[in-house]
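Structure assessment
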Amino acid sequence: MGKHIICEKPLARTGEEARGMYEAGCAAGIVNMVAFNYRRTPAVALAKRYIDEGAIGQVLNFRGTYLQDWSADPESPLSWRFQKSIAGSGALGDIGTHVLDLARYLVGEVASVNSMLRTYIPKRPTGAGGLDRLGAGRLAGTPWGIVDVDDEVSTLLRFGNGAVGSIEATRNAYGRNNFLTFELHGTEGSIVFNYERRDELQVCFADDPDDRRGFRTVHTGPAHPYGDALWPIPALGIGYGDTKIIEANDLFRAIVDGTPVSPDFGDGYQVALISDAIVASAESDAWVDVPMLDRSRAAAHAR
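The structure displayed is predicted, hence computed values, not measured ones.

On the surface, a nonpolar cluster with roughly 360 Å² of combined accessible area is contributed by Trp231, Ile233 and Leu236. Mapping tryptophan 231 onto the fold places it in the loop between strand E12 (216-219) and helix H5 (240-257).

Phe62, Leu106, Phe182, Leu184, Ile191 and Leu201 are the most contacted members of the largest nonpolar core, which has 58 residues in total. The element that contributes the greatest number of residues to this core is helix H4 (residues 91-106), accounting for nine residues. Those residues in contact with isoleucine 191 that lie beyond four places of it in its chain are Ala47, Tyr50, Ile51, Ile56, Phe182, Glu183, Leu184, Leu201, Gln202 and Val203.

Once that is clear, we can look at the packing of helix H2 (residues 42-53) against H4. Viewed as axis vectors pointing N to C, H2 and H4 meet at an angle of 30°, and their least axial separation amounts to 10 Å. Classified by the angle their axes make, H2 and H4 are roughly parallel. When H2 is examined against H4, the residues Val44, Ala45, Ala47, Lys48 and Ile51 are found in contact with a partner set consisting of Leu102, Tyr105 and Leu106. Residue composition of the contact of H2 with H4, grouped by class: seven nonpolar, no polar and one charged.

Our focus in this paragraph is the pattern of salt bridges. Within the structure shown, the criterion is met by 19 salt bridges. Between glutamate 23 and arginine 19 there is a salt bridge, and its shortest N-O distance comes to 3.2 Å. Of the two residues, glutamate 23 and arginine 19 both sit in helix H1 (residues 15-28), four residues apart, roughly one turn of that helix. Among the residues examined, arginine 19 registers a relative accessible area of 25% and is labelled partly exposed. Between aspartate 250 and arginine 40 there is a salt bridge; the shortest N-O distance is 2.7 Å. Of this pair, aspartate 250 sits in helix H5 while arginine 40 is found in the loop between strand E2 (32-34) and H2, placing the two residues 210 residues apart along the sequence.

On to the sheet that holds strand E7 (residues 152-159). Taken in spatial order, the nine strands line up as E12-E11-E10-E9-E3-E8-E7-E4-E13 in an open sheet, and their pairing is mixed. Two strands in the sheet have a free side with no partner beyond their single neighbour: E12 and strand E13 (288-289). Where strand E9 (residues 179-186) lies against strand E10 (residues 189-194), six bridges are found, and the strand directions are antiparallel. When the sheet's bridge partners are listed, phenylalanine 182 is paired in E10 with phenylalanine 193. Contacts from H4 reach strand E3 (59-67), E7, strand E8 (164-170) and E9 within the one sheet, and its direction differs from that of E3 by about 155°.

Parameters and conventions
Residues numbered from 1 in each chain as written. Predicted model: local features only at pLDDT ≥ 70, side-chain atom pairs only at ≥ 80, totals over all residues. Heavy atoms only, no water. Patch = residues over 30% accessible without salt bridge, like charges linked within 9 Å, V, L, I, M, F, W, Y side chains within 5 Å. Areas by Shrake-Rupley, 256 points an atom, 1.4 Å probe, with all protein chains shown as cover. Salt bridge = Lys/Arg side-chain N within 4 Å of Asp/Glu carboxyl O. Helix = DSSP H or I, 4+ residues; strand = E, 2+ residues; numbered from the N terminus. Core = buried A, V, L, I, M, F, W, Y, C linked by side-chain atoms within 4.5 Å. Buried < 20%, exposed > 50% of the residue type's maximum accessible area, 1.4 Å probe, protein only. Contact = heavy atoms within 4.5 Å. Axes fitted to C-alpha atoms, helices over the stretch in contact; angles between N-to-C directions. Parallel < 35°, antiparallel > 145°, perpendicular 65-115°, else oblique. Nonpolar A, V, L, I, M, F, W, Y, C, P; charged D, E, K, R; others polar. Pairing = 2+ DSSP bridges.

This is the structure:
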């Protein structure tokens, strides 16, 4: 008891499970964090700065994707990631939640969703011990097991502030390795990010002269978020591991200095509520409203 916690995403399989974790964290009074590490990519944090400063005006639209191909081969092994009882969901929980976190971080709360879930490969060869090799290698001659999670999620979004958007996530997109992207359109400009080119942020501002208007590329470095921890020259490169180091640093600072930490279990709970709404929308083929976490009420209940 009393130990500070960082939990991998998603926080839980369902919103109800996430609520229990959030309330337990509040009751214990511990520092807690959910490992949505992609928001700590300097280019993503720079996009957040531009938005908060009003550089692209009012955000009108968010378009996010997370595309991978490691499970596109129908003979790649069945692992816990394809079993609802363990994983809760497939592409939605595994990678779609990362895009949901970016949507909340950059735009605001998601108010309602209209979604589709699809399972393309209904069974896969099994392996001993719930083998998880992210599609590496085939298991010839082994029994086949049932896949009961989604291979792809597509959803329309309505944000509470009036913005609209869409998200697509799949692990069955041949040729896409870690294609985590977003594009934002605002009343005064646009922002584009592609994690496979993680040192770059593309921006276009409406007040550029007509003969110079177009996307320019900003290479992140010392002048940008987390710049004091980067190489002293822009575009020397940041890797996935660096985002985890930044994440850990933020957690340690919160523990030592008492600074706020984000995303915390409340954020993880809210993402779980969005995920539940996406599942409900896919089942009903209709728009579904997303419940909003009342942090003060939930924390009081935990006490």
